[in-house]
Amino acid sequence: MDEIKISEFKATCLAVLSRVGETGRPVLVTRLGKPVAQIVPPPRSASDWLGAMRDRGTIKGDLVGPIGSLEDWEVLTDRDGRAADR
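Residues numbered from 1 in each chain as written. Predicted model: local features only at pLDDT ≥ 70, side-chain atom pairs only at ≥ 80, totals over all residues. Heavy atoms only, no water.

K.L.:
In this structure, what is going on with the overall build of the protein chain? I would like to understand it.
P.N.:
Scanning the protein chain from N- to C-terminus turns up two helices and three strands. Traced from its N-terminal end to its C-terminal end, the protein chain shows the element sequence β-α-α-β-β. The C-alpha atoms of the protein chain give a radius of gyration of 30 Å, which is well past the 12 Å a tight globule of 86 residues would have. Counting only C-alpha atoms and orienting by the principal axes, one finds that the protein chain spans roughly 85 × 30 × 20 Å. The 86 residues of the protein chain split such that 12% are buried. Sequence-distant contacts, at least 24 apart, represent 32% of the contacts inside the protein chain between residues at least 6 apart. Working note: accessible area of the protein chain is about 8,000 Å², and carbon and sulfur atoms make up 55% of it. Distance from the positive charge centre (13 side chains) to the negative charge centre (13 side chains) of the protein chain: 17 Å. (Helix = DSSP H or I, 4+ residues; strand = E, 2+ residues; numbered from the N terminus. Rg over C-alpha atoms; globule rule 2.2 N^0.38 Å. Buried < 20%, exposed > 50% of the residue type's maximum accessible area, 1.4 Å probe, protein only. Contact = heavy atoms within 4.5 Å. Areas by Shrake-Rupley, 256 points an atom, 1.4 Å probe, with all protein chains shown as cover. Lys, Arg positive; Asp, Glu negative; His and termini not counted. Charge placed at Lys NZ, Arg CZ, Asp CG, Glu CD.)

This is the structure we're talking about:
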């Protein structure tokens, strides 16, 4: 973590904020050698990752229809293994 004196921070505030935003590295502001503030980048927002994979997928086949026959589903059969009346 970078350190900067409060007087230097006051003189170069905008440049320090830009550097933190670009690099993502926090900066510790000190006064008389003691920490008084920490400048950190903002957390990533949902808009940074939402839609990141847009236009990269393809649809292959039917998205709604079953993937097999209804006879393959145990839940649809009675105790004797026959298809239940629906």
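K.L.:
Sorry, what's going on with the sheet that holds strand 2 (residues 27-31) here?
P.N.:
Working definition: the strands of a sheet are paired by backbone hydrogen bonds and lie parallel or antiparallel to each other. With mixed pairing, three strands are arranged side by side in an open sheet as 1-2-3. Since the sheet does not close on itself, it has two edges, and those belong to strand 1 (2-5) and strand 3 (34-39), each with one partner. For this sheet, the mean inter-axis angle between neighbouring strands, taken without regard to orientation, is 30°. Lying over the sheet, helix 2 (residues 13-23) contacts strand 1, strand 2 and strand 3, oriented at roughly 150° with respect to strand 2. (Pairing = 2+ DSSP bridges. Axes fitted to C-alpha atoms, helices over the stretch in contact; angles between N-to-C directions.)

K.L.:
Which parts of the structure should I look at to understand the side chain of threonine 30?
P.N.:
Here threonine 30 is to be found in strand 2. Assessed through its relative accessible area of 8%, threonine 30 is described here as buried. Contact partners of threonine 30, with chain neighbours within four places excluded, come to Glu3, Ile4, Lys5, Ile6, Pro35 and Val36.

K.L.:
Looking at this structure, how should I read the pairing of strand 2?
P.N.:
Burial runs high along strand 2: four of the five residues are buried. Two successive antiparallel strands, strand 2 and strand 3, enclose a turn made up of two residues, where leucine 32 displays a positive phi of approximately 55°.

K.L.:
Where do I start with unusual backbone geometry in this structure?
P.N.:
When glycine is set aside, most residues are seen to have a negative phi, and most peptide bonds are trans. Even without glycine at this site, leucine 32 takes up a positive phi of about 55°. Relative to the assigned elements, leucine 32 resides in the loop between strand 2 and strand 3. When its relative accessible area of 84% is taken as the criterion, leucine 32 is described as exposed. Positive phi outside glycine occurs at aspartate 55, with the angle close to 65°. Tracing the backbone through its elements, the reader meets aspartate 55 in the segment after strand 3.

K.L.:
When you look at a nonpolar patch on the surface in this model, what are you seeing that I'm missing?
P.N.:
Nonpolar side chains collect at one region of the surface, where Ile59, Leu63 and Val64 lie side by side and expose about 390 Å² of accessible area between them. When you line up the elements, isoleucine 59 lands in the segment after strand 3. (Patch = residues over 30% accessible without salt bridge, like charges linked within 9 Å, V, L, I, M, F, W, Y side chains within 5 Å. Salt bridge = Lys/Arg side-chain N within 4 Å of Asp/Glu carboxyl O.)

K.L.:
What is the right way to look at the nonpolar core in this model?
P.N.:
Considering soluble globular proteins, one finds that nonpolar side chains tend to be buried as a cluster. Formed by Ile4, Phe9, Val16, Val20, Val27, Val29 and Ile39, the largest nonpolar core amounts to seven residues. Mapped onto this core, the elements with two or more residues apiece are helix 2 and strand 2. (Core = buried A, V, L, I, M, F, W, Y, C linked by side-chain atoms within 4.5 Å.)

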